[in-house]
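# Notes for the structure review
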Amino acid sequence: MNCIIVDDEPLAREAMKLLIEEAECLQLVGSFNSAATASDFMEQHVVDLVFLDIQMPGITGIEFARTISKRTLVIFTTAYTEYALDSYEVDAIDYLIKPVEAERFQKAIEKAQSYHSLLLQEEKEAIETIAAAEYFFVKAERRYFKVNFSDILFVEGLKDYVILQLGEQRIITRMSLKAVFDLLPKESFLRVNKSYIVNTAHINSFDNNDIFIKSYEIAIGNSYRDDFFEGFVMKQQRW
C-alpha cells in the first residue's frame, strides 16, 4: 500500500517513518507537515493509507479526514486519547497513541491490509473488461451495462463513485476515478482536473481554463494544464 505521513512534528514523522520502513506491505511515498501540503500531493498521486496526526495548526486531522475519499484509509496518530471518539466518526481504520509501539503498529497495519483487500475486490467486481475490445461492462443498479469507449463524453469522480456521462445517459458505479482511467485508451482520454476525465474526440471547444463538450463546461486544473495542451492541443497541431 502506498502511504503518507501527515504530522506537524518532525520527530513524530521520523518515528513513524522508521516503523513504516519495517513493514514490507507499505511504501512511503510522502511525508508532510500540514494537511494542505498533503492534500496537494494526493491530487496527483495514488495514496492508499494516511498516517494522520489530529492536533495540527490550520486544518486539523479530523477536518482533513472528512475530505479524504473512503478509498484512502486513515490511521490517526496522536498523543491525546480524548480524540478517539472523533476518529470513529470519520471512519478511521485505527487510532494510535504516541509514542507508537511496534506491536500496536503492526496490528493497525494488518487491519488496514484487510480493508484494502476488500476495497480492491469491490472495485474489481464493479467493472469487467474484455481484452482488446472497444467497450467494457460496468456494474450499476445490480446489473452490468455495456459501455462503448467512443460513447463516453467524460467521466466524473464523485467521492467513492464515478459517473460515466454518455450522450443521453449517465451511469453511476462505485469505483475510483483512477481505476476507470487505467482502463480507458490513453490516445483518446485525458484527465483534466482532480475529478474529470474527458474523451478528447468529443471536445467542441476550449480556452486556457475550460473545456466545452456539448452543453458541459469542465475546468482545466492548474496541475493538469500542461498535460492537456501537450497531450491534446499539440497533437492536433501536428495533424
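As a convention, each chain's residues are numbered from 1 in the sequence order in which they are written. Where totals are concerned, whole chains, interfaces and linings use all residues; where local detail is concerned, this predicted model gives features only for residues with pLDDT of at least 70, and gives and counts side-chain atom pairs only at 80 or more. The basis for every side-chain value is the complete set of heavy atoms in the structure, and neither hydrogens nor water enter the calculation.

### Section: the UniProt feature "modified residue: 4-aspartylphosphate" (unreviewed entry) in the chain
To keep it simple, the criterion reads: UniProt positions are given in the numbering used here, feature names are shortened, and annotations may be inferred rather than shown by experiment. Under the DSSP-based scheme used, a helix requires at least four consecutive residues in state H or I and a strand at least two consecutive residues in state E, with every element numbered from the N terminus. The buried label applies to any residue whose accessible area, calculated with a 1.4 Å probe on protein chains only, is under 20% of its type's maximum; exposed applies above 50%, and partly exposed to all values in between. Any pair of residues with heavy atoms lying within 4.5 Å of one another is described as a contacting pair.
The UniProt entry lists Asp 53 under the feature "modified residue: 4-aspartylphosphate" (unreviewed entry), expressed in the numbering used here. Within the fold, Asp 53 resides in strand β3 (residues 49–53). Its relative accessible area of 3% is what places Asp 53 among the buried residues. The contacts of Asp 53, once residues within four sequence positions are left out, are Val 6, Asp 7, Asp 8, Gly 61, Thr 77, Thr 78 and Lys 98.

### Looking at helix α2 (residues 35–44)
Selection criterion: Working definition: the arc comes from the directions between the helix axis and the C-beta atoms, pointing outward to the latter.
Among the residues of α2, those classed as buried are Ala 35, Ala 38, Phe 41 and Met 42. Buried residues along α2 cover an arc of 120 degrees about the axis, so they all sit on one side. Buried residues belonging to α2 abut β1 (2–6), β2 (27–32), β3 and α3 (61–65).

### Quick look at the sheet that holds strand β10 (residues 161–165)
Applicable threshold: The criterion for strand pairing is that DSSP finds at least two bridges linking the strands in question. Here an axis means a line fitted to C-alpha atoms, over the contact stretch when the element is a helix, while the angle between two N-to-C directions is reported on a 0 to 180 degree scale.
Taken together, five strands build an open sheet; the order of strands is β11-β10-β9-β13-β12 and the sheet is antiparallel. Two strands close off the open sheet at either side, each with one partner strand: β11 (170–173) and β12 (189–193). This sheet shows a mean twist of 20 degrees between the axes of neighbouring strands, independent of strand direction. The pairing of strand β9 (residues 154–158) with β10 spans five bridges and is antiparallel. Among the inter-strand pairings, Phe 154 is bridged to a residue of β10, identified as Gln 165.

### Details of a nonpolar patch on the surface
Here is the rule: What goes into a patch is any residue over 30% in relative accessible area without a salt bridge, connected to like charges within 9 Å or, for nonpolar side chains (Val, Leu, Ile, Met, Phe, Trp, Tyr), within 5 Å. Note on areas: Shrake-Rupley with a 1.4 Å probe; residue coverage comes only from the protein chains shown. Any Lys or Arg side-chain nitrogen found within 4 Å of a carboxyl oxygen on Asp or Glu counts as a salt bridge.
Taken together, the side chains of Leu 158, Tyr 161 and Ile 172 define a hydrophobic patch exposed on the protein surface, amounting to about 280 Å² of accessible area. Mapping Leu 158 onto the fold places it in strand β9.

### Re the pairing of strand β13 (residues 196–199)
Burial along β13 is two-sided: Tyr 196 and Val 198 and Ile 197 and Asn 199, pointing in opposite directions, are all buried. Bridge analysis of β9 against β13 gives three bridges, and the strand direction is antiparallel. The partner of Phe 154 across the bridge, within β13, is Val 198. In the sheet, β12 pairs with β13 via four bridges, with the strands oriented antiparallel. Its bridge partner lying in β13, Arg 191 is registered against Ile 197. Linking two consecutive strands that pair antiparallel, namely β12 and β13, is a turn of two residues.

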